[in-house]
Amino acid sequence: MDVDVRELGGSRVIVHVSLDVNEVQSAFDKTYGELSQRGGVKGFRPGKVPRTILERYYDPNVIRAVTYEALVQDRFEQACEDNNLRPVSPPSIEVGPPPDEDEALAEAIKEKAGLDEDVDAEAEDGAAEVEDVETDENDEPEVPLVEGEAFEFHTVLTVFPRPALPDIAELKLRRPVAEVTDEQIQERMEQLRDLNATEVEVDRDAVAEGDLVTADLVVAMEGEELPEGEEPEPQQQDFVVGQREYTPPIDREMIGHAVGDTVELEVDYPEDHEDAGLAGRKGTITATITSLKGRELPELSDEFAASIGEYETLDDLRENVKEQIAKAGENYAAEEMRSQALRYIIEGTEVEIPEEFITDAADRSFEGLQQDLQRSGMSLEDFAEAANVDEDTLAANQRARAESGLKLHFALESLSEQWGIEASETDMLEEMQAIADETGSDLMVVQQAAALQPGFGEELRDRATRRMLVDRIVAEAQVEDVPADEYQAEQEAEAAAQADEEPEVAEPAEGEATETPDAAEAESVDAADQESDEQ
């Protein structure tokens, strides 16, 4: 068998298979041998039926059709295996040699322009659709395979792309490293005091910094008017005054005021506000103070340490705090290196992704954006207006995300094959535990979700494999330690420069709008948790 594979671009190839007379004859001999084994011919045992009898017993066209189907299917699968081709969908087999390069290029351009039918990316790899044979006036099939003659066929395939990966050995990572300072430890200790403060009555009327205040809030946005006769519904909220936890800082306006007083604050929300519904808008916040209490912070002592955990002394608590800060720094450094590694892979990988892959992923991502907006009570038009972009820009944004995600997927898939990395059951269990920790669910709930939902189980396996791959990439890289404050300053400067060059489209307030494995996993766990509660 002679196989010629010609690249057309865009993950499309022409596969041309040529079979000599001997191969065709062997295919016919195999067909007759299988028919003989089947038996069913009176007077002959299975496997003992002479070919001359079979030739009289079966219609010649049937023999040719059966041989043709088996031969083309077998040789097509062998050609794909030998040339490491993974068809996206069952191809259509064409008898004869392929068109010349100019014709093939024209067809490829037409396909890339979307003039062909959509391809089912989930079709079973390697299953060939053999073309329908022509029929004559008597409706007898004209099988394009003749015993004693050579045979050739070709097909144009869209295949799963084979990326060209960057050299992992050239990857250089920067690890942010920070020493735990006494100031950090003391700040965390003060936070623990604050968390364990007790409410106390006060013998004064005016609000002071650190007080616990309850107030009725009303937010009035510019341009929004209630129907005549209706009043805005106040929302009750508790404040620890002066802790810089509230945006805008209406709590600081309460200092010096008493119960029953109403304070007001004019607000100009920035264009990059996290809530797209408020970004770039003006409003007025009024707060009516309804109650006032003081807060008494405990003294830092051995007794305090024993009251919040299994610590014998205050020094034990300080040591534990130091370890937690150090661990948080290590986790931050690890995540930053993983992000750097993924960025290196995405930027350095060259791959021609089939257009239908990108279009499908972008469409699903855009639909996810719309669904997330609907859940947050916004329309796509309102979001686009608030983000100061048009719908075409939003669609382009989702397409860029989809293309980047597909590039990373194919790159990691290629590395997985190259390194032979595959998630074991132990790795799966670790991933389930990580998801349980992230979502606040029990491990058993996640295990049930994986058992009941095959798609979720596959997502888990993909996620575990991806984690193992990124760990391997980081392990293979050259690592340079840099001061954490220097690293963070560089990141902030880089983010600011990118924002100046090309402002990033804001995301909905409730979270990422694109469909991700993490989001699918969280939804699956939530569904399983709800089902468990109902039972």
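Residues numbered from 1 in each chain as written. Predicted model: local features only at pLDDT ≥ 70, side-chain atom pairs only at ≥ 80, totals over all residues. Heavy atoms only, no water.

## Focus on the overall build of the protein chain
The cut-off we apply is this: Starting at the N terminus, helices and strands are each numbered in turn, a helix being any DSSP run of H or I of at least four residues and a strand any DSSP run of E of at least two. Classification of residues uses two cut-offs on accessible area relative to the type maximum, computed with a 1.4 Å probe and protein chains only: under 20% is buried, over 50% is exposed, and between them is partly exposed. Note on contacts: a residue pair qualifies if any of its non-hydrogen atoms lie within 4.5 Å across the two residues.
Across its full length, the protein chain carries 16 helices and 14 strands. Burial statistics for the protein chain: of 535 residues in total, 35% are counted as buried. Taking the contacts inside the protein chain whose residues are at least 6 apart along the sequence as the reference set, 76% of them involve residues at least 24 apart.

## Side note on the confidence of the model for the protein chain
For clarity, the threshold we go by: Every residue is assigned a pLDDT by the predictor, reflecting its confidence on a scale from 0 to 100.
Residue-level pLDDT values for the protein chain average 83, and 85% of them are 70 or greater. Within the protein chain, helix α16 (residues 517-534) has the poorest average pLDDT of any element, 38, and strand β8 (residues 172-177) the best, 96. Low confidence marks residues 503-535, where pLDDT is under 50. Its contacts with residues over four positions away, or in another chain, come to 55 contacts.

## Observations regarding the nonpolar core
In globular proteins that are soluble, nonpolar side chains generally tend to be buried together. So the rule is basically this: For our purposes a nonpolar core is just a set of buried Ala, Val, Leu, Ile, Met, Phe, Trp, Tyr and Cys residues, chained together by side-chain atoms within 4.5 Å.
Counting 29 residues, the largest nonpolar core has Val15, Leu54, Tyr68, Leu145, Phe151, Phe153 and Leu157 as the members making the most contacts within it. Residue assignment for this core shows that the elements contributing at least two residues are β2 (12-19), α1 (21-38), α2 (51-57), α3 (60-82) and β7 (151-158). By residue number, the principal contributor to this core is α3, which donates seven residues. Among all residues touching Leu54, those that are not within four sequence positions of it are Tyr32, Leu35, Ser36, Val41 and Val49.

## Here's the deal with the packing of helix α5 (residues 182-195) against helix α8 (residues 314-348)
How we decide: Here the axes come from fitting lines to C-alpha atoms, over the contacting stretch only for helices, and the angles between their N-to-C directions go from 0 to 180 degrees. Orientation is classified from the angle alone, with under 35 degrees giving roughly parallel, over 145 giving roughly antiparallel, 65 to 115 giving roughly perpendicular, and any other angle giving oblique. By convention, the crossing between two helices is left-handed when the near helix turns anticlockwise from the far helix through less than a right angle, and right-handed when the turn is clockwise. Classification convention: Asp, Glu, Lys, Arg as charged; Ala, Val, Leu, Ile, Met, Phe, Trp, Tyr, Cys, Pro as nonpolar; all other residues, Gly among them, as polar.
Two elements in contact, α5 and α8, have axes whose closest approach is 10 Å; the angle formed by their N-to-C orientations is 110°. It follows that α5 is roughly perpendicular to α8 by the angle criterion. Every pair of crossing elements has a handedness; the one defined by α5 and α8 is right-handed. Of α8, the residues touching α5 (which contributes Gln184, Ile185, Gln186, Arg188, Met189 and Leu192) are Leu314, Leu317, Arg318, Val321, Lys322, Gln324 and Ile325. In terms of residue class, the contact of α5 with α8 is built from seven nonpolar, three polar and three charged.

## Let's talk about the environment of Ala27
As for its position among the elements, Ala27 is in helix α1. Residue Ala27 is classed as buried on the basis of its relative accessible area of 12%. Separated by 45 residues in sequence, Ala27 and Val72 place their C-alpha atoms 10.0 Å apart. When near neighbours in sequence (up to four residues on either side) are disregarded, Ala27 contacts Thr67 and Leu71.

## Considerations on the packing of aromatic side chains
How two aromatic rings sit relative to each other is given by the distance of their centres and the angle of their planes. Operational definition: The aromatic pairing rule takes the rings of Phe, Tyr and Trp, using the six-membered ring of Trp, and pairs them if the centres are within 6.5 Å, calling planes under 30 degrees apart stacked, those over 60 edge-to-face and the rest tilted.
The full count for this structure, using the stated rule, is seven aromatic pairs. Look at Tyr57 and Tyr58: their rings are 5.2 Å apart centre to centre, the planes differ by 70°, and that puts the pair in the edge-to-face class. The interplanar angle of 15° and the centroid separation of 6.0 Å between the aromatic rings of Phe357 and Phe410 together place this pair among those described as stacked. Taken together, the residues Phe357 in helix α9 (residues 355-375) and Phe410 in helix α11 (residues 391-419) connect sequence positions 53 residues apart. Owing to a relative accessible area of 10%, Phe357 belongs among the buried residues under this scheme. Its relative accessible area of 3% is what places Phe410 among the buried residues.

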